[in-house]
Amino acid sequence: MDNCSVLIIDDEEINTLQLEHALEDVGKITTSNNSSEAIQLIEKIKPDILVLDLEMPTVSGFDILEVIQKKSTLAHIRTVVITSHSDPAIEEKALSLGAIDFISKPLNLRLCRIRIENHIKIRSQEKILQQTQAELFAEKEQLRITLDSIADAVISTDKKANIVYMNPVAQRLTGWSQTAAKGRHIEEVMKLVDATTKASSINPLVVALNENRPVAMALNTQLISKQGIEHRVEDSAAPILDKNHNQCGAVMVFQDVSEALAMSMQMTYLSHHDQLTALPNRVLLHDRLTQGIARAEFNDSKLSLMLLDLDKFKFINDALGHHVGDEIIAHIGHSLDLFACNDITVARVGGDEFALVVPHSANSLSLEPLVNQVLNVISKPFRSGGEQHVLTASLGISVYPDDASSVEEMLRHADSAMYKAKNESANSYFYFSDDLQIEMNRRLEVGNKLRKALEENDLDVHYQPKYDLNTDTLIGVESLVRLKDGQGGFISPVHFIEYAEETGLIFRLGEQVLEKSCIAAKNWLDKGLPIKVAVNISAKQFTDTKLVDTVAEILERTQLPSRYLELEVTESALIENFDYTVSQLKLISGMGVSIALDDFGTGYSSLSYLRLFPLDVLKIDQSFVRDMLDDAQAFNIVTTIIELAHSLGLQIVAEGLETLEQKGRLQELGCQIGQGYLLSKPLSFNNVDKLIQTSIAEGILCP
């Protein structure tokens, strides 16, 4: 009843007030005393019950009834009219216009409430019935659409196996329309035979009815359609029971598996072969290795796995597009497939990585000619994408049982050997060895220590002071990250920085070093010691689209003024993605952070990018500083760099200062700033803090 709405229209306000009070809590009540707006209000509210006064000025109740009767959208309304007349003609007219009940004036409010409540109950039941009918129709329609839409064929019969219904798939497979098949026995419409012997097969629906249980279709069953078309079919039949568990029919569900059977062979092939090269894929490679190991163990022979990876293929793929990359991979696959004989398996492991599984005698040296042939085939020039390409590869070899006892070990060891070859030179190969195992273990140990340090924010940052060479004043520090080895010492950055870049940990590492450095600089600044801290940014970090935001967030988080932060970048970082790096550095420089070019003179040293990048500092690489007194060329390079920096208005910093002679000569050349072991080795935060305090005490650093 709460869902029913009641609209009362009477020109006498006293009547609407009385009725509204009397009908309180029987539904949602709305009243109106303006008959001229009645139709608009009725169309807006669409009430379940309309209590309507017949005798109203302007627009009478009869007028309103006539409009309601003509609108299908208002047909549900149960109209109860209010009248002071007892004339049968008036009652007849009201009933003919759709009224269903009368309330006499003067109003008997108790009687009014009872009448309206009864009509609301009827209307509520109508709503429930309508909703139920709608749900039943929707359910029936959904079932029909489902049966008509599913990929399986469906046939239902009565309890005598005479067809009642066939969905479109069943009609297509049997060749019978539902109209023609209706009433016919299922075995007349659905002719089943053994696919091999062609002998007739009993229909499982008949068995399901006879034995009153679900029955699966026999294997190797074939359906012959009305037109003689053959289909391999599978599935089952089951009896349909009424609420008393008595049979009232049966349903047959089946599907055409002809294409599925044909496709299964194709799918088996595709699941074991690479689509681009048609070579065995990683799945089949694993199987061949498993079989090869078993045979090698039985024959007391050996099995080698060669993993090869194309050198710098990513650059070709990125520069020329994936379609050219695919052509190259297909070409290499075709070239390597020539070796797939004498029990040798050639596979594409993924990307630009290929594998050869080679069974051989106990003398593994017999592999050398094959390895050279493989590398020579890959290095033959060929044309693709309108250009000539000369490729090289790196190859790693694992041998069973020499260095591996399982498929997983062979794959892992060959991959490690290939990685070693890749770090050596183009077209090189390596066998897995104990030394490689030691290196693998070391890399794994370093990786674990680095991850742990990053997770626990336990990286150490040391600081190497920079001095004004003319006044010996401490003017800044360079941050140098250190990784604890767990035994009181540190792991060389050479080992863990490379690992961080390869694994993507360089982004977390760089962020933590930057934050620790800014915290240190802010600490010194709060003590009245304005020391600028320089932090190295690797080329890899410039690929991070969040670099600028990261710098800004850390400055904001640590509350360090940007003028006390300097970022050091290498020449390789600048030119790797020129346009993007320029935009990144300009944004960082715009914050007030200074930019230093590290190791200047060792890379591209192009004057054009010195003009385009927002640089503030040039750092002379320590190799030139170390040799400048003994090597005229190194001295000339240092001289040129200092003069260049002066002409561009850049600060110049000499790295690796180790002797007083070097310092003196650099001063003569006009180099303002130096750092190196002559001045100070890298120090911990606490030791730098003490050094700063000492410098202040000695008057060579003013707070």
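Everything discussed here concerns the structure shown above.
Calculation notes
- Residues numbered from 1 in each chain as written.
- Predicted model: local features only at pLDDT ≥ 70, side-chain atom pairs only at ≥ 80, totals over all residues.
- Heavy atoms only, no water.
- Buried < 20%, exposed > 50% of the residue type's maximum accessible area, 1.4 Å probe, protein only.
- Helix = DSSP H or I, 4+ residues; strand = E, 2+ residues; numbered from the N terminus.
- Pairing = 2+ DSSP bridges.
- Axes fitted to C-alpha atoms, helices over the stretch in contact; angles between N-to-C directions.
- Parallel < 35°, antiparallel > 145°, perpendicular 65-115°, else oblique.
- Left-handed = near helix turned anticlockwise from the far one by under 90°.
- Contact = heavy atoms within 4.5 Å.
- Core = buried A, V, L, I, M, F, W, Y, C linked by side-chain atoms within 4.5 Å.
- Polar contact = N/O pair within 3.5 Å; in protein donor to acceptor, adjacent residues only side chain to side chain.

Peer 1: I'd like a description of the pairing of strand S6 (residues 153–157), backed by residues and values.
Peer 2: Taking burial as the measure, the five residues of S6 include five buried ones, the bulk of the element. Residues of S6 alternate between two faces, with Ala 153, Ile 155 and Thr 157 on one and Val 154 and Ser 156 on the opposite face, all of them buried. Bridge analysis of S6 against strand S12 (residues 247–256) gives five bridges, and the strand direction is antiparallel. Looking across to S12, one finds that Ile 155 is bridged to Met 252.

Peer 1: Any chance you could break down the packing of helix H24 (residues 632–648) against helix H25 (residues 660–669) for me, citing the residues and the numbers?
Peer 2: Contact geometry of H24 with H25 gives a least axis separation of 10 Å together with a crossing angle of 40°. By the angle class used here, H24 and H25 are oblique. The way H24 lies across H25 gives a crossing that is right-handed. Listed contacts from H25 to Phe 635, Val 638, Thr 639, Ile 642 and His 646 of H24 are Arg 665, Leu 666 and Leu 669.

Peer 1: Would you mind going over the nonpolar core in detail, with residue names and values included?
Peer 2: Core analysis: the largest hydrophobic core is formed by 74 residues, its most contacted members being Leu 450, Leu 509, Leu 565, Leu 567 and Leu 666. The dominant element in this core, judged by the number of residues it contributes, is helix H18 (residues 506–526), at eight residues. With sequence-adjacent residues up to four places away left out, Leu 567 is seen in contact with Leu 514, Val 535, Ile 537, Val 551, Ile 588, Val 593, Ser 594, Ile 595 and Ala 596.

Peer 1: Give a detailed account of unusual backbone geometry, specifying residues and quantitative values.
Peer 2: Note the cis peptide between Lys 105 and Pro 106, where omega equals -5°. Take Pro 106: it is sitting in the loop between strand S5 (99–104) and helix H5 (109–149). At the junction of Tyr 400 and Pro 401, the peptide bond is cis and its omega measures out at 5° in the coordinates. Positive phi, normally seen in glycine, also occurs at Lys 46, with a value near 50°. Relative to the elements of secondary structure, Lys 46 occurs in the loop between helix H2 (38–45) and strand S3 (49–53). Of note in the backbone geometry, Thr 58 takes a positive phi value of approximately 70° without being a glycine.

Peer 1: Break down the environment of Asp 621 for me, citing the residues and quoting the values.
Peer 2: Residue position: Asp 621 is located in the loop between strand S26 (617–620) and helix H23 (622–627). On the accessibility criterion, Asp 621 (10% relative accessible area) is buried. Here the alpha-carbon distance between Asp 621 and Leu 509, two residues 112 residues apart in the chain, equals 24 Å. At 2.5 Å, the side chain of Asp 621 and the side chain of Ser 623 are in polar contact.

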